[in-house]
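For reference, the chains in residue letters:
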Amino acid sequence: MASGGFNSLTRKHGIKICSSFPCSVEDIGLAVGERVGHSSVKSVARMNSAVVIFLDRVEAANRVVEMGITVNGSFVQVLPLAQPSTRVVLSNVPPFITDEFLSRELSRHGKIVSPIKKILSGCKPPLLKHVVSHRRQLYMILSNRDEELNLRFHVKVDDYEYMIFATSSVMKCFGCRKEGHTSEIVSLMSLCGKTQRQIETWFRLRRNQDRPCHTKKFGEAAWSFFFYFIAFLVGLTCLIDRPWFWDQRECWRQYPLQPMERAHYWYYMLELGFYCSLLLRISVDIKRKDFKEQVIHHFATIFLLSFSYCANYIRIGTLVMLLHDSSDILLESAKMFNYGTGWRKTCDIMFIVFAAVFLLTRLVVFPSKIIYTTLVLSMEIFEPFAGYYFFNILLMVLQALHVFWAGLILRMAYKFVFLGKLDKDERSDEESEAEEDKEGEEALDEGVEYCWERSTDALNSKLSMLTNSCVLNNLTNHRASVADRMREAQ
């Protein structure tokens, strides 16, 4: 090649590859040549722990930067050499959100050095090649180059608020959830003849298959509502004509020589058996945001019931159970209306009533009546002993959990009052794996959560393009067997 060809090259013709694993310059050069043609590669060298390559055209350099390369079965991100810029990916961006708004928000965190481009959805049919996804990308010179950009911001359009995520983090593999490579995706792409987007969509749908559908949630809420309603009626019937129900000092009169009535015994056994079943079920149920708090609550409740039974704290124990059941009835009924269709207004009303009753009983009545009774009024009858301290510590643990859940309820109430919509359960529907994901990935997953009975046709149309591969046939058969079992269960 004549020297004039090299003289026409500029920094815009250059790209930089910072590989996190050992690979030769020849491997990277061949991988770049597979993207834009080997004849386009004009210069390759290792400089400052990175491989710098110059191409014959600026368009070729931009194409490699946008697509990245695959070296030895692993995906490698490519950076432009013209600017010390960082690739930023925006997710959960509806098409009617303007680039000017995004540029104004992102300019607070650095200088934008490239136009914002929409990312194609990866549809394989020729008629859908032009379809774009809800993701966009651009390059920025970040104000703080030592840290990755991970942020979210809100935009309100037509009285509806959207949450947009921006990240400069490297890609994660859908198979192993590790950063820096997509070897399993690449191997599936070569074996199935499918695009990366199609493979990712299949895994996302397959992962969401294990999430509970609305039918299962409704069944759980209905069972809990039935129990709390029966337990509340039983407790109220047992205590309405008892003196300690109206005067808490009667809880300690003639203690510890207080006889136990048969109705109070069965009330205790009913509640103790239910909370033991909840503790056993929570170990096999999907983990939620308050999984640890739920475990602590169930253990504290079981210890409270067991200890109060052994220490003959029956009177104060029945009051604690009745107080908790009063608000739990409203919570489960609100959930039932939420999982149904056409009951949104009823669900909102039930939530408001539940929030008021919960805050009143758990943050006002429980500390001012129950804890005050066990902590102060009991000292008028007997001196403190080891059981006194143990019982009150458990009540304090319950009160701390009440404050935690009250915070979640107030967050939902804030969204309902100021945003005009009742958001989903603040603590629900998070898998254990989701704790390791970025919030942007969680937003993508939220859009595809569904019930098998209500979206079978849509799911089959999305997966029909992948079922012709022997690699995915086993998972497809498993999906069909799960659907059969769910129909049999119904």
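Residues numbered from 1 in each chain as written. Predicted model: local features only at pLDDT ≥ 70, side-chain atom pairs only at ≥ 80, totals over all residues. Heavy atoms only, no water.

1. Overview of the overall build of the protein chain
When its secondary structure is counted, the protein chain shows 16 helices and 12 strands. Across the 490 residues in the protein chain, those meeting the buried criterion constitute 44%. Across the protein chain, contacts joining residues at least 24 apart in sequence account for 70% of those joining residues at least 6 apart. A total accessible area of about 25,900 Å² is found for the protein chain, and carbon and sulfur atoms account for 59% of it. (Helix = DSSP H or I, 4+ residues; strand = E, 2+ residues; numbered from the N terminus. Buried < 20%, exposed > 50% of the residue type's maximum accessible area, 1.4 Å probe, protein only. Contact = heavy atoms within 4.5 Å. Areas by Shrake-Rupley, 256 points an atom, 1.4 Å probe, with all protein chains shown as cover.)

2. Side note on the packing of aromatic side chains
Across all of its chains, the model carries 25 aromatic pairs by this definition. Considering the side-chain rings of Trp-252 and Tyr-255, the 5.9 Å spacing of their centres and the 80° angle between planes classify their relative orientation as edge-to-face. Look at Phe-307 and Tyr-313: their rings are 6.1 Å apart centre to centre, the planes differ by 85°, and that puts the pair in the edge-to-face class. Here Tyr-313 falls in the buried class, since its relative accessible area comes to 2%. (Phe/Tyr/Trp six-rings, centres within 6.5 Å; stacked < 30°, edge-to-face > 60°.)

3. Description of the pairing of strand E7 (residues 86-91)
Burial analysis of E7 places five of its six residues in the buried class, the great majority of the element. Pairing of E7 with strand E10 (residues 132-142), which is carried by five bridges, proceeds in the antiparallel orientation. From the neighbouring strand, Leu-90 faces E10, where its bridge partner is Arg-136. Two elements, E7 and strand E12 (residues 160-167), share three bridges in a ladder whose sense is antiparallel. (Pairing = 2+ DSSP bridges.)

4. Considerations on the side chain of Asp-328
Summarising the element assignment, Asp-328 is placed in helix H11 (residues 314-339). A distance of 3.2 Å separates the side chain of Asp-328 from the side chain of Arg-362, its partner in a polar contact. When near neighbours in sequence (up to four residues on either side) are disregarded, Asp-328 contacts Tyr-228, Tyr-275 and Arg-362. (Polar contact = N/O pair within 3.5 Å; in protein donor to acceptor, adjacent residues only side chain to side chain.)

5. Some details on the packing of helix H9 (residues 262-282) against H11
Close contact between H9 and H11 brings their axes to 11 Å; oriented N to C, the two are set at 55°. Classified by the interaxial angle, the pair formed by H9 and H11 is oblique. Of the two possible hands of crossing, H9 and H11 adopt the one that is left-handed. On H11, the residues that touch His-264, Tyr-267, Tyr-268, Glu-271 and Tyr-275 of H9 are Ile-314, Gly-317, Thr-318, Met-321, Leu-322, Asp-325 and Asp-328. Of the residues contributing to the contact of H9 with H11, the split by class is six nonpolar, three polar and three charged. (Axes fitted to C-alpha atoms, helices over the stretch in contact; angles between N-to-C directions. Parallel < 35°, antiparallel > 145°, perpendicular 65-115°, else oblique. Left-handed = near helix turned anticlockwise from the far one by under 90°. Nonpolar A, V, L, I, M, F, W, Y, C, P; charged D, E, K, R; others polar.)

6. Focus on the pattern of salt bridges
Any two side chains of opposite charge can pair, on the condition that their charged atoms come close. Summed over all chains, the structure comprises nine salt bridges. Here Glu-250 and Arg-253 are joined by a salt bridge, their closest N and O atoms 3.0 Å apart. Arg-253 gets classed as partly exposed once you look at its relative accessible area, which sits at 45%. Among the charged side chains, a salt-bridge network with shared partners connects Asp-241, Arg-242 and Glu-261. (Salt bridge = Lys/Arg side-chain N within 4 Å of Asp/Glu carboxyl O.)

7. Overview of the sheet that holds strand E2 (residues 41-47)
With respect to topology, four strands assemble into an open sheet ordered E2-E3-E1-E6, the strand pairing being antiparallel. The open sheet is flanked by E2 and strand E6 (78-80), the only strands paired with a single partner. Neighbour to neighbour, the strand axes of the sheet diverge by 25° on average, direction disregarded. Alignment of strand E1 (residues 14-17) against strand E3 (residues 50-55), held across four bridges, turns out to be antiparallel. Bridge pairing in E3 places Ile-17 opposite Val-51.

8. Some thoughts on the confidence of the model for the protein chain
In this model, the protein chain carries an average pLDDT of 76, and 77% of its residues clear a pLDDT of 70 or more. In this model, residues 427-475 is a region of pLDDT below 50 whose contacts with residues beyond four sequence positions or in other chains number 100 contacts. (pLDDT = per-residue confidence, 0-100.)

9. What to know about unusual backbone geometry
With phi around 65°, Asn-92 is a residue other than glycine that occupies positive phi space. On the basis of relative accessible area, Asn-92 is assigned to the partly exposed category, the value being 26%. Non-glycine residue Asn-312 carries a positive phi angle of around 65°. As for its placement among the helices and strands, Asn-312 is situated in the loop between helix H10 (291-310) and H11. Assessed through its relative accessible area of 17%, Asn-312 is described here as buried.

10. Examining the environment of Leu-363
Structurally, Leu-363 can be placed in helix H12 (residues 344-375). Judged by relative accessible area, which is 32%, Leu-363 ranks as partly exposed. Spatially, the C-alpha atoms of Leu-363 and Ala-400 are 9.8 Å apart, while their sequence positions differ by 37 residues. Ignoring any residue separated from it by four or fewer positions in sequence, one finds Leu-363 in contact with Phe-358, Gln-399, His-402, Val-403 and Ala-406.

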